[in-house]
Amino acid sequence: MSAKITTQFGEAVPPAPRHSVTVHMGSGWDTVEKYGADSASVVPHFKNAYPRMKPHRDIAHLAEAVLERVRIADAGCFLFSSLQSAKECVEYSTSNRRDNGADKRPVSPEQIAIRAFFAKDLFYAVIFPLNQRSVVAGFWSTPGAGVSSRFAEANLGRLHQLKEVPVTEEVASRPSFDGSFHRVLRERIVSYLQRAPLDPLQQPRPSVEDVYFYPTGMASIYKPHTYMLKCYPGTSVLFGMAFMNTVTAFEEFGPGYKFFGLGSEEDLNDLEAFLQEERNQGRKVQAIWAEFPANPLLVTPNITKLRELADKHDVVLGIDDTIGSWANIDITAMADILVTSMTKSFNGYADVIAGSAILNPASPKYRELKTLFDRYYVPELYIDDAEAIERNSRDYLSRTAKLNTNASTLVQYLRSCAEDPESAVHSVHYPSVNPSGIYYKRFMRPATAEFTSGYGCLFSVELDDMAATQAFYDNLNVHKGVHLGAPFTLAFAYTMCTYKKRLSWAAKYGLRPTQIRIAAGLEDTETLLEDFKIAVEAANKCKRAE
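Read on for a plain summary of the structure. (Residues numbered from 1 in each chain as written. Predicted model: local features only at pLDDT ≥ 70, side-chain atom pairs only at ≥ 80, totals over all residues. Heavy atoms only, no water.)

**Some details on the layout of surface pockets**
What counts, and what does not: A 1.4 Å probe that fits into a set of points on a 1 Å grid over the protein atoms alone but cannot get out defines a cavity; an open set with protein on both sides within 12 Å along at least five of seven lines defines a pocket, and lining residues are those with an atom within 4 Å of a point. Grid points are joined across faces, edges and corners, and a volume is the space filled by probe spheres set on the points. By the criteria applied, helices consist of DSSP H or I runs no shorter than four residues and strands consist of E runs no shorter than two, each listed in order from the N terminus. Under the convention adopted here, Pro, Cys and the residues Ala, Val, Leu, Ile, Met, Phe, Trp and Tyr are nonpolar, Asp, Glu, Lys and Arg are charged, and Gly plus all remaining residues are polar. In this entry, domain limits derive from an automatic or database-based domain assignment.
Reported here for the second largest pocket is a volume of approximately 490 Å³. If you trace the second largest pocket, you find 23 residues lining it, with E88, E91, Y222, T226 and K230 closest to the centre. Of all elements in the fold, only α3 (83-94), α7 (219-231) and α11 (366-376) reach the threshold of two or more residues within the lining of the second largest pocket. With six residues, α3 is the largest single contributor of residues to the lining of the second largest pocket. Looking at side-chain class alone, the lining of the second largest pocket contains eight nonpolar, four polar and eleven charged residues. The residue makeup of the lining of the second largest pocket includes at least three contributed by each of domain 1 (57-165) and domain 2 (180-390).

What follows is the structure, given as structure tokens:
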């Protein structure tokens, strides 16, 4: 058994560097209940948090310095490194779509403004009435296009130089966002895309010119989505369940989206019928998006069929491979756009937030998309973040191998429990055991001397009932929080925290409150296994007591 978790509620998970992107949500189920019922009442008590959940303390301090300089009473502000993102924030905040008919209304255009500042770098502040913060905060949390904590740290170091400057259009050169570390990162990513390919003869393959960086993983979805909206503002399709903010992004940006949340064969048939109907009505479908595999139940879509449908109906296919990860799977040829949260296993140390979008030059959509990206893309990944990712990603393969091993070992144990009728473990969800895993296995990279592909670090375990779920969660001696691909194992009550107010909706897509999402870390495998055995036994005792 590992040492008892002593991290306090709301603190960063150890080793807790200055730029940690994790938070320990507490060891007890009571926090899960509170968070699910009203996350806004819990998040303010976090001393550290995922940066899109609430601004990092360095970002908050830089924002405070800006507000002190402008001297506007009862004002709030969010900071952006590009004028493009600042303008999008204003457009979002003033849209009539912000009117929820209850406690939120759009910000009046005359009450929100963009002002530019310079300390070490140029940045933009969107300033608004403080009582409208909850409205504007939606743009901070979903698209993830704000400044990073390292950007804020660097500019706080030059706070004595802070001055307001005229708001001018973007300049072509942005050396703080496109330098030598960015070039090294692009070369490294391309090398991983080319490593152990399924088809060695496949050409052409992505080059460094096809790799675009973003300040967050969500921005790597949101920004390409906005580029395409400028060209053809059609419906977006989300195939299969996806990370909660991805769902929100398609709900809030664009003319509409169609959701096929199970990602099943039946959904494929329904998708095909939908695409045909849209074509018959003369309507353009903008894109099909899918995770490979999907969060949190690890259902893997049949991307061969999705590729066929995208080609047949002239639709862009965007695939998020964050969970599968470049080391394990080779799906570049299937995607028109391949998006990845580099925050997760590629960076691996839970101390940087970033994303990438990669264009496939073999795609029939390549020229069209390349033109769009090169016209609208504004580099926003800060140089200090790029340097940190470059350093952290040097051991990407060895870390991924350990993450794969730990997750696989835990899944095998939990599956054996599920096969025992006396156990409180109902089932486990992971590509190696899911029926849809056949689609994952088709795209696993061949084994090499340096690395053998696996199924990733993420899985979900499902208990028999709520009492057993609570007992398992309370007795599982790992940190509790939202992240994956880190050195430490994290447990997250995904459905309860995310969809407690929409449980009937979530249930339609297989999401149940008795499921706990696990992101395996790099701990000693046997020690980690012992921790899970203790949690399972606590759940079993609860079941026997009924």
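**Here's the deal with the packing of α7 against α11**
Note the following rule: Inter-axis angles, ranging from 0 to 180 degrees, are taken between N-to-C directions of lines fitted to C-alpha atoms, where helices are fitted over the stretch in contact. Orientation is classified from the angle alone, with under 35 degrees giving roughly parallel, over 145 giving roughly antiparallel, 65 to 115 giving roughly perpendicular, and any other angle giving oblique. Residues are treated as being in contact if the distance between any of their heavy atoms lies within 4.5 Å.
Direction vectors running N to C along α7 and α11 enclose 110°, while the axes themselves pass 10 Å from each other. Put simply, α7 runs roughly perpendicular to α11. From α7, P224, Y227, M228, K230 and C231 reach across to α11, where they touch L369, L372, F373 and Y376.

**Considerations on empty space enclosed by the protein**
Under the criterion given, the structure shown has six cavities of 30 Å³ or more. The calculated volume of the largest cavity comes to roughly 130 Å³. Looking at the largest cavity, it is lined by 19 residues, and the ones nearest its centre are P51, V147, S148, T216 and I353. Of the residues in the lining of the largest cavity, the class split is nine nonpolar, six polar and four charged. Viewed by domain, the lining of the largest cavity spans two of them, domain 1 (57-165) and domain 2 (180-390), each represented by three or more residues. What lines the second largest cavity is simply T322, I323, G324, S325, N328, S345, T400, L403, N404, G456, C457 and L484. In the lining of the second largest cavity, the residues fall into four nonpolar, eight polar and no charged. Both domains that furnish three or more residues to the lining of the second largest cavity are identified here as domain 2 (180-390) and domain 3 (395-544).

**Remarks on the packing of aromatic side chains**
As a reminder of what qualifies: When the centres of two rings from Phe, Tyr and Trp lie within 6.5 Å, Trp using its six-membered ring, the rings pair. Their planes under 30 degrees apart give stacked, over 60 give edge-to-face, and anything left gives tilted. Note on exposure labels: buried denotes an accessible area under 20% of the residue type's maximum, exposed denotes more than 50%, and partly exposed covers the range between, all computed with a 1.4 Å probe on protein chains only. In this scheme, the term charge over a ring applies when either NZ of a lysine or CZ of an arginine sits within 6 Å of the ring centre and within 35 degrees of the ring normal.
Under the criterion given, the structure shown has 41 aromatic pairs. Seen from their ring centres, Y214 and Y377 are 5.5 Å apart, and the 80° between their planes marks the pair as edge-to-face. Taken together, the residues Y214 in strand β5 (residues 211-214) and Y377 in the loop between α11 and α12 (383-392) connect sequence positions 163 residues apart. Assessed through its relative accessible area of 1%, Y214 is described here as buried. Joined through ring pairs, the aromatic side chains of F78, F80, Y92, F128, F139, W140, Y222 and F253 make up one cluster. Lying over the aromatic face of Y376, K230 brings its terminal NZ or CZ to 5.2 Å of the ring centre. Stacked on the ring of Y232, the Lys or Arg K284 has its end atom at 5.2 Å from the ring centre.

On their own, these measurements won't tell you what the molecule is for.
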